[in-house]
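Here is how the chains run, residue by residue.
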Amino acid sequence: MKKNPKSRKRESVDILIIHAEEMLTLAGSSQTPRTGKQMRDLAIIRDGAVAIREGKIVAVGKTHDVTKTFRGENILNAKGKTVLPGFVDPHTHLVFAGSREDEFQMRIEGASFLEMLNGGDAILKTARETRRARFEKLVERGIERMDTMMAHGTTTVETKSGYGLTTEDEMRILQVTRRINRLHSMCMATTFMGAHAVPFEYKNNVEEYVDILTEEALPKVAQSGMAEFCDVFCERGIFSLEQTKRILVKAKNLGLKPKIHADHMSMFGGTEIAADIGTISADHLNYASAEGVKAMAEKGVVAVLLPVSTFSMLMTRYPDARLMIEYGVPVALGTDFNAGNWTLNQQLVIAMACHLMHITPAEAITAATINAAHAICRAGEVGSLEVGKRADVAVLNVPNHRFLGYSLGVNLVDKVIANGRLVVDREKRVEPIFMNKME
Ligand code: NIG
Ligand code: FE
């Protein structure tokens with residue numbers, strides 16, 4: 001005899017989110033990223049629910065179906081709201097000391113980034129300040145930054161070293177990163193980027209610095225297990241194509257996965273190198289050639305685009321995201337938070353991508369979730385709402401996904417769940433001052 005489903009005992013879960021107006025699951029792309037037209041498919045469930053137990057997603061579906069099987073210790077009613085996977089930010093330089101608001105003003109007044117760098121400022125200035133900073137201070141700053149990211153819906157972050165520029169100082173930044181990772185509920189991926197800039201003392205002898213990177217730093221980093229990826233700033237006047245290749249091939253041989261800052265400030269050929277080496281991602285790409293983009297598509301290299309970084313550097317040329325999508329390159333989006341680009345907010349990145357690179361909100365959301373997870377080899381764990389994945393969920397105070405993109409500079413987050421725990425709750429309203437006056 002069939003059991004009456006209503007009489008069946010429901011399983012208990014820690015958190016049950018119900019009645020989401022739109023639940024953007026992004027399901028079905030854990031193996032390969034979304035490309036082309038698939039980028040517009042968010043796999044939306046209306047009146048959606050998600051059940052969370054012990055840090056993992058245990059069910060996703062219509063509220064009616066999920067609540068038949070599960071009852072929540074805590075129930076979050078998302079009526080009128082949009083629920084989606086926590087954002088994945090696949091490109092940041094999170095650990096550094098100091099700030100460069102003075103240089104920002106100099107940029108407004110006409111100074112160029114590369115001129116400042118060649119003069120010993122920009123990245124080199126931040127490196128000097130970072131070397132001087134106490135370990136605990138760097139940890140504290142990193143945690144504050146990750147808190148701000150989470151308040152804006154980001155639950156996974158990639159972060160690069162690169163403000164040390166000596167083997168010892170780079171190792172120290174990786175140690176700071178490891179410490180932050182242990183203390184914070186953010187899911188993290190770490191990249192070694194000793195090739196972020198040429199230290200001033202090697203200005204006229206870049207090859208010697210590349211030797212240090214390949215013969216001393218990389219073996220140490222690989223042995224320590226503190227970094228999963230290796231990245232290089234491949235740019236005219238910084239690291240050449242040959243030097244980039246030398247560093248990344250060595251990194252690959254040592255078990256680190258290659259990434260590249262490519263064709264950011266000029267058409268230099270980094271995109272072609274990315275395809276040639278088979279990097280996991282190629283990032284920036286403002287000046288990528290059409291041939292390079294085609295080669296990336298063939299090799300499945302993820303394009304990590306950073307429109308807010310372009311904007312804050314006062315550059316006018318944005319990556320051709322439409323061409324990349326047309327050619328079948330998996331496109332991802334990141335903040336590129338660094339000492340010269342002060343944003344931690346993936347919602348702003350999505351909005352700027354829509355406004356400045358003419359991609360749709362759905363494409364941008366795909367780029368900032370599942371495709372971003374692919375850019376850092378985390379798509380098996382995060383980036384979509386699917387059974388078995390880490391319970392990283394953002395609840396937004398808007399009825400549909402198009403508000404992401406449309407809304408500019410407003411934090412839409414209502415709640416954030418990271419690793420199954422409610423870490424952000426912004427439901428409490430600010431009491432308007434005039435109410436007090438009326439009393
Ligand atoms: O990713 N491309 C070069 N480097 C950084 C900028 C770092 C800095 O300005 O401190 C970037 O944009
Ligand atoms: Fe960067």
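Thresholds, definitions, all that
- Residues numbered from 1 in each chain as written.
- Chains lettered and ligands numbered in written order.
- Predicted model: local features only at pLDDT ≥ 70, side-chain atom pairs only at ≥ 80, totals over all residues.
- Heavy atoms only, no water.
- Helix = DSSP H or I, 4+ residues; strand = E, 2+ residues; numbered from the N terminus.
- Rg over C-alpha atoms; globule rule 2.2 N^0.38 Å.
- Buried < 20%, exposed > 50% of the residue type's maximum accessible area, 1.4 Å probe, protein only.
- Contact = heavy atoms within 4.5 Å.
- Areas by Shrake-Rupley, 256 points an atom, 1.4 Å probe, with all protein chains shown as cover.
- Lys, Arg positive; Asp, Glu negative; His and termini not counted.
- Charge placed at Lys NZ, Arg CZ, Asp CG, Glu CD.
- Domains from an automatic or database assignment.
- Buried area = accessible area lost by both parts, 1.4 Å probe.
- Donors = N, O, S within 2.8 Å, 3.2 Å for Na, K, Ca; no water.
- Core = buried A, V, L, I, M, F, W, Y, C linked by side-chain atoms within 4.5 Å.
- Pairing = 2+ DSSP bridges.
- Axes fitted to C-alpha atoms, helices over the stretch in contact; angles between N-to-C directions.
- Near = heavy atom within 4 Å.
- Polar contact = N/O pair within 3.5 Å; in protein donor to acceptor, adjacent residues only side chain to side chain.
- Nonpolar A, V, L, I, M, F, W, Y, C, P; charged D, E, K, R; others polar.
- Salt bridge = Lys/Arg side-chain N within 4 Å of Asp/Glu carboxyl O.

**Notes on the overall build of the chain**
Of the regular secondary structure elements, the chain holds 17 helices and 16 strands. In summary, the chain has a C-alpha radius of gyration of 22 Å against a globular reference of 22 Å for 439 residues, a match within 12%. A principal-axis box enclosing the C-alpha atoms of the chain has dimensions of 80 × 60 × 40 Å. Within the chain, the fraction of its 439 residues that count as buried is 59%. Partitioning the intrachain contacts of the chain with sequence separation of at least 6 by distance along the chain shows that 73% fall at a separation of at least 24. Here the chain has roughly 18300 Å² of accessible surface; of this, 51% comes from carbon and sulfur atoms. The positive charge centre, built from 55 side chains, and the negative charge centre, built from 53, are 8 Å apart in the chain.

**Examining the domain arrangement of the chain**
Under the domain assignment used here, the chain contains domain 1 (5-85 + 384-425) and domain 2 (88-375). Each of domain 1 and domain 2 was reduced to a C-alpha centroid, and the two centroids are 30 Å apart. Taken together, the contact pairs 39 residues of domain 1 with 33 residues of domain 2. Of the roughly 2600 Å² buried between domain 1 and domain 2 on both sides combined, carbon and sulfur atoms contribute 68%.

**Focus on the coordination of the iron ion (ligand 2)**
Taken together, H91 (NE2), H93 (NE2), H261 (NE2) and D336 (OD) make up the full set of protein donors to the iron ion (ligand 2), lying 2.1 to 2.5 Å away. Read N to C, the donor residues that coordinate the iron ion (ligand 2) are spaced as H-x1-H-x167-H-x74-D. On the accessibility criterion, H93 (1% relative accessible area) is buried.

**Examining the nonpolar core**
Core analysis: the biggest nonpolar cluster contains 123 residues, and F239 and L333 have the highest contact counts within it. Here the element with the most residues in this core is helix 7 (residues 206-224); it accounts for 7 residues. Counting contributing residues per domain, this core is built from domain 1 (5-85 + 384-425) and domain 2 (88-375), each supplying no fewer than three. The next biggest cluster of nonpolar side chains, apart from the first, holds 16 residues, and it includes A20, I57, L76 and A78.

**Here's the deal with the environment of T271**
Secondary-structure assignment places T271 in helix 9 (residues 270-277). Taking relative accessible area as the criterion, T271 reaches 0% and is therefore assigned buried. With residues near it in sequence (within four places) discarded, T271 still touches A262, D263, L285, A288, G292, V293 and M296.

**Considering helix 14 (residues 361-368)**
Among the 8 residues that make up helix 14, 8 are buried, leaving the element largely enclosed by the rest of the structure. Considered for burial, the residues of helix 14 that qualify are P361, A362, E363, A364, I365, T366, A367 and A368.

**Concerning the sheet that holds strand 12 (residues 302-305)**
Across the sheet, 8 strands lie side by side as 6-7-8-9-10-11-12-13; this open sheet has parallel pairing. Only two strands of the sheet have a single partner each, and these edge strands are strand 6 (87-89) and strand 13 (331-333). Pairwise comparison of adjacent strand axes, ignoring direction, gives a mean angle of 25° for this sheet. Note: strand 11 (residues 281-284) against strand 12, 3 bridges, orientation parallel.

**Here we look at the side chain of T177**
If you trace the backbone, T177 turns up in helix 6 (residues 167-183). The class for T177 is buried, based on a relative accessible area of 2%. If we skip the residues at most four places from it in the chain, T177 touches V95, T159, M188 and T190.

**Remarks on the site of ligand 1**
Taken together, the neighbourhood of ligand 1 is formed by 13 residues, with R100, Y163, H261, H284 and D336 sitting nearest. One of the side-chain nitrogen or oxygen atoms of H93 is found 3.2 Å away from an oxygen atom of ligand 1. Between ligand 1 and the protein, one listed contact pairs an oxygen atom with a side-chain N or O atom of H284 at 3.1 Å. When ligand 1 sits alone it has 330 Å² of accessible area, and the protein chains cover 99% of it. Along the lines of polarity and charge, the residues of the shell around ligand 1 split into 4 nonpolar, 7 polar and 2 charged.

**A word on the pattern of salt bridges**
For the coordinates displayed, the defined rule picks out 27 salt bridges. The shortest N-O distance in the salt bridge between E11 and R53 comes to 3.1 Å. Of this pair, E11 sits in strand 1 (residues 11-24) while R53 sits in strand 2 (residues 44-53); the two residues are 42 residues apart in sequence, bridging distant segments of the chain. Here R100 ties to E103 by a salt bridge, and the two come within 2.8 Å at their closest N and O atoms. For the pair R100 and E103, one class covers both residues: buried. Connected through shared salt-bridge partners, K81, D414, K415, D425 and E427 make up one network.

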